[in-house]
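Observations on the model geometry
The residues making up each chain are set out below.
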Amino acid sequence: MTAAGPRSVVVVGGGVIGLLCAHYLRRGGADVTVVERDRLGRGCSWGNLGWVCPSISVPLPAPGLDLRSMTGMLERDSPLYIRASALPRLGKWLLSFRAHCNETDFAAGSTALRGLNEPTGALFDELAADGIEFEYAKAGLTFVSTEAKALRHEKDMIEDVGAARVEEWNAEELASREPDLPATFTGALHVSTDRHVRADSLCTGVSAALVASGGRVLEGFDVRRLRHEGDRLVAVEGPDDSIEADAFVLAVGAETGMLASSLGTRLPLQAGKGYSLSIRDPRVRLNSPLYLCDQKVGLTPYEGMLRVGGTMELSGINDRLDRGRIESIRRVVSPVIPDAFEGSEVVEWVGMRPLTPDGLPVIGAIPGVRNAFVATGHQMLGVTLAPSTGHALAGLMLEGRSDVDLSPFSPDRFAVGRR
Ligand SMILES: Cc1cc2nc3c(=O)[nH]c(=O)nc-3n(C[C@H](O)[C@H](O)[C@H](O)COP(=O)(O)OP(=O)(O)OC[C@H]3O[C@@H](n4cnc5c(N)ncnc54)[C@H](O)[C@@H]3O)c2cc1C
């Protein structure tokens with residue numbers, strides 16, 4: 001039993017965010033149950049690139065994304081693609097997103113994310129040191145381009161974030177570090193402090209540790225209804241069963257807004273769909289993850305696998321895999337790394353990144369409900385920010401305080417009447 005906080009907690013959603021919240025809640029002494037509609041880690045936490053990258057942790061709405069550049073996003077090969085047929089449903093969200101594409105909001109959001117990222121490296125190291133089994137490497141992150149100008153721009157961005165020191169490599173240094181890359185690129189940037197994990201292994205490892213320490217994990221439990229009495233949430237209800245608890249965390253990724261709306265809470269989440277191809281026994285072996293600045297595509301080396309992924313598609317909340325988007329990744333990567341997709345098998349995947357219009361996660365108490373909390377909206381940074389989010393939310397729920405300033409992430413910033 002915890003000192004002052006809830007004794008029992010149900011976490012809804014078994015992706016990286018829900019599982020890391022569960023981990024720190026359990027470690028703080030709560031009886032924790034995770035309920036997951038499908039299998040753990042099968043949502044957006046499955047086929048992502050797994051970068052733990054404080055160096056590029058910034059909000060998605062950036063200065064310069066004006067209406068003209070957003071019109072270009074209606075073209076199917078655009079890295080940030082808006083499906084025209086989804087525009088009527090997305091209109092209000094896009095206007096709000098665009099309102100945040102300014103220097104002031106971007107700088108404030110970057111500062112808030114830097115604060116949330118403060119403990120990231122130490123928390124990942126601690127998870128590994130505690131014996132949680134997951135694929136984890138401290139190999140840094142390398143940015144490549146055929147244009148010196150693109151690398152200069154990237155270097156300025158990383159230095160603005162201020163979380164890392166950047167090394168510059170010329171073509172010869174790049175060739176010696178990454179001998180499997182063709183001599184296409186004129187140079188590279190390398191951030192040695194970034195790391196990478198295989199996110200599905202992180203989910204499996206954290207859930208095994210949770211169960212070993214007395215927590216519960218229920219797969220195939222689809223929460224259809226939240227039962228509340230007055231200003232308290234009492235239970236989550238599936239088709240056949242319900243579970244009561246003292247407190248609840250909603251962490252169902254891009255779908256969290258739909259669940260929270262039944263509590264009268266407005267959380268304007270959209271899905272930013274991304275795609276990946278996982279190549280087993282790859283011909284191209286890399287020593288560190290690679291970002292192709294010109295193509296806006298990432299590559300991550302894993303044990304026996306290379307993953308190539310990226311793109312951001314706004315087409316509503318659905319996990320339909322659009323083959324055209326997969327083909328566009330192949331089309332832009334093959335000319336610069338011709339053997340990138342050579343291997344024994346290629347697995348294609350789509351995932352829904354949970355996006356908020358201001359590009360910041362939503363972490364904290366749901367307004368008007370005394371015992372319900374939310375953790376979502378981590379856009380392209382859910383793996384990076386999962387431990388710090390879980391750690392901070394557990395502190396808030398169990399001790400009424402967190403080491404990190406959570407005010408920029410407060411759910412009530414979306415309440416009616418506020419921007
Ligand atoms: C191509 C791509 C590359 C990416 N690369 C990176 C990267 O390199 N680094 C990084 O930090 N981030 C990256 N991301 C982002 C990251 O994957 C997400 O931010 C993160 O996975 C979100 O985790 P989550 O737990 O919030 O959501 P999810 O992983 O989607 O988990 C939500 C879970 O809730 C479950 N659920 C939904 N509804 C219900 C219900 N009613 N009842 C019960 N369960 C329910 C779902 O089945 C799902 O398992 C990438 C994303 C994509 C698409």
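Residues numbered from 1 in each chain as written. Predicted model: local features only at pLDDT ≥ 70, side-chain atom pairs only at ≥ 80, totals over all residues.

Quick notes on the packing of helix 5 (residues 120-129) against helix 11 (residues 382-399)
Orientation of helix 5 relative to helix 11, taken along the N-to-C sense of each, is 90°, at an axis distance of 9 Å. Classified by the angle between their axes, helix 5 and helix 11 sit roughly perpendicular to one another. In contact with T120, L123, F124 and L127 of helix 5, helix 11 contributes T384, P387, S388 and H391. Class assignment of the residues belonging to the contact of helix 5 with helix 11 gives a composition of four nonpolar, four polar and no charged. (Axes fitted to C-alpha atoms, helices over the stretch in contact; angles between N-to-C directions. Helix = DSSP H or I, 4+ residues; strand = E, 2+ residues; numbered from the N terminus. Parallel < 35°, antiparallel > 145°, perpendicular 65-115°, else oblique. Contact = placed C-beta atoms within 7 Å. Nonpolar A, V, L, I, M, F, W, Y, C, P; charged D, E, K, R; others polar.)

Quick notes on the domain arrangement of the protein
You can read the domains of the protein as domain 1 (8-46 + 200-267 + 359-414) and domain 2 (61-102 + 136-193 + 270-355). The gap between the C-alpha centroids of domain 1 and domain 2 is 28 Å. In this complex, domain 1 contributes 13 residues to the contact, which on the side of domain 2 involves 12 residues. (Domains from an automatic or database assignment.)

So, the packing of helix 1 (residues 16-27) against helix 11
Relative to each other, helix 1 and helix 11 sit at 40°, their axes nearing to 8 Å. Of the possible angle classes, the one that applies to helix 1 and helix 11 is oblique. In this structure, the crossing between helix 1 and helix 11 has a hand that is right-handed. Contact residues: V16, I17, L20, C21, H23, Y24 and L25 in helix 1; G382, V383, A386, P387, T389, G390, H391, L393, A394, M397 and L398 in helix 11. Taken together, the residues of the contact of helix 1 with helix 11 break down into 13 nonpolar, five polar and no charged. (Left-handed = near helix turned anticlockwise from the far one by under 90°.)

Digging into the nonpolar core
With 112 residues, the main nonpolar core has V12, C21, F248 and V249 as its most contacted residues. Looking at which domains feed residues into this core, each of domain 1 (8-46 + 200-267 + 359-414) and domain 2 (61-102 + 136-193 + 270-355) gives three or more. (Core = buried A, V, L, I, M, F, W, Y, C linked by C-beta atoms within 7 Å. Buried ≥ 20, exposed ≤ 12 C-beta atoms within 10 Å, placed from the backbone.)

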